Amino acid sequence: MTAPIPRDIPDLPPIPGHVVLPPTVVPARAVLIPARRRPVAAFRGLIALLALTGVAIELLAADIPPTTALSHFTIQSGILLALVMLASARCAWSAHHPLPGALTGAALFYVIAAALVHHVLLAHASSPFATPDGTGTGIGTGTGTGTGTAWQTAATHILHTAVPVAAALDWLLLTPAGRLHLRQAPAWLLYPLAYLAFTLARGELLLPDAQDRYLYPFLDVAQHGYKIVLGNALLVGLALYALAVLLVALDHIRPDPVRRPR
């Protein structure tokens, strides 16, 4: 007969020469299967459609070449948000894991930044950089007809008001909280910094009498000089960094709208 197996087997000492691995924690997303969220997918699809509609109207209604219109930060941020929303809608519809918070947070940050620059610097009557036509678009003056101006005004409200508000509502009501981190804020500023270099280089390469040589009045080197323009860019950059930090802070104190009951 063999000896009975004891109920409590003592822990065996580690084998010499072998590394004992510490216990690991498996993240929740590796074992939890995301649920289908088709109403969320539909809402994000509508946001993408709204952003693309505003971009399309600006490209068709403005009396400037499409390449010039596409060079504006507002248009680029609107296209980026539309792509991110379409990808997020697909994830929600197909029950895939959501996009990284750094990506969705960046898209939200850029459209809000464009909206704030529009409302505070370009459209506000007391701003020294308000556009002469009063629309504050910074993209063009329309076709010269009432219909063209009406279309461009509609696009301005879509891109600078409706789209940022809809994106903020999606973030507040439909996106898990606590996914943004403070280390992401400096990384988000790399794109505005690259855009600053692009728009200044573009202004230097174009002829002095070219239309829309500098895309935004506060970045007009021909009128203000590099010293004032770089000062303006520094102030805008500091304001954008404060906005990024504010978004991260709000993300950690707001309620989680998609927390599952235990």
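### So, the overall build of the protein
Thought 1: Helix and strand counts for the protein come out as eight helices and zero strands.
Thought 2: Order of helices (α) and strands (β) in the protein, N terminus to C terminus: α-α-α-α-α-α-α-α.
Thought 3: Within the protein, residue pairs in contact and separated by at least 24 positions form 72% of the contacts whose partners lie at least 6 positions apart.
Thought 4: Element-wise, carbon and sulfur atoms account for 71% of the exposed surface of the protein, whose accessible area totals about 15,500 Å².

### A word on the packing of aromatic side chains
Thought 1: Scanning the model with the defined rule gives ten aromatic pairs in all.
Thought 2: Each ring, one from Phe129 and one from Phe218, has its centre 6.1 Å from the other, and the planes form 70°; the classification is edge-to-face. Here Phe218 lies in the loop between α7 (190-205) and α8 (221-253) and Phe129 lies in the loop between α4 (101-122) and α5 (146-174), a separation of 89 residues in the sequence.
Thought 3: Here Phe129 falls in the buried class, since its relative accessible area comes to 15%.
Thought 4: Every member of this aromatic cluster is reached through a ring pair, and the members are Phe73, Phe109, Tyr110, Phe129, Trp188, Tyr191, Tyr195, Phe198, Tyr216 and Phe218.
Thought 5: Directly above the ring of Trp93 sits Arg38, whose terminal nitrogen or CZ lies 4.6 Å from the centroid.
Thought 6: Positioned above the aromatic ring of Trp171, the side-chain terminus of Arg254 is 4.6 Å from the ring centre.

### Focus: α8
Thought 1: An ideal rise of 1.5 Å per residue puts 48 Å on 33 residues; α8 reaches only 41 Å between its terminal C-alpha atoms.
Thought 2: Of all the bends found along α8, the most pronounced is centred on Lys227 and spans about 75°.
Thought 3: Within α8, the full set of buried residues consists of Val221, Val229, Asn232, Ala233, Val236, Leu240, Leu243, Ala244, Leu247, Val248 and Asp251.

### Looking at the layout of surface pockets
Which parts of space are left empty comes out when a probe the size of a water molecule is rolled across the atoms.
Thought 1: In this structure, the second largest pocket occupies an estimated 490 Å³ of space.
Thought 2: Lining the second largest pocket are 25 residues, and of these Pro192, Ala233, Val236, Gly237 and Leu240 lie nearest its centre.
Thought 3: Mapped onto the lining of the second largest pocket, the elements with two or more residues apiece are α3 (73-94), α4, α7 and α8.
Thought 4: With seven residues, the single largest contributor to the lining of the second largest pocket is α8.
Thought 5: In the lining of the second largest pocket, the residues fall into 19 nonpolar, six polar and no charged.

Basis of the calculations
Residues numbered from 1 in each chain as written. Predicted model: local features only at pLDDT ≥ 70, side-chain atom pairs only at ≥ 80, totals over all residues. Heavy atoms only, no water. Helix = DSSP H or I, 4+ residues; strand = E, 2+ residues; numbered from the N terminus. Contact = heavy atoms within 4.5 Å. Areas by Shrake-Rupley, 256 points an atom, 1.4 Å probe, with all protein chains shown as cover. Phe/Tyr/Trp six-rings, centres within 6.5 Å; stacked < 30°, edge-to-face > 60°. Buried < 20%, exposed > 50% of the residue type's maximum accessible area, 1.4 Å probe, protein only. Lys NZ or Arg CZ within 6 Å of the ring centre and 35° of its normal. Expected span 1.5 Å × (residues − 1). Bend = angle between axes of the 7 residues up to and from the residue. 1 Å grid on protein atoms, 1.4 Å probe; cavity = no way out; pocket = protein on both sides within 12 Å on 5 of 7 lines; lining within 4 Å. Points joined across faces, edges and corners; volume = space filled by probe spheres on them. Nonpolar A, V, L, I, M, F, W, Y, C, P; charged D, E, K, R; others polar.

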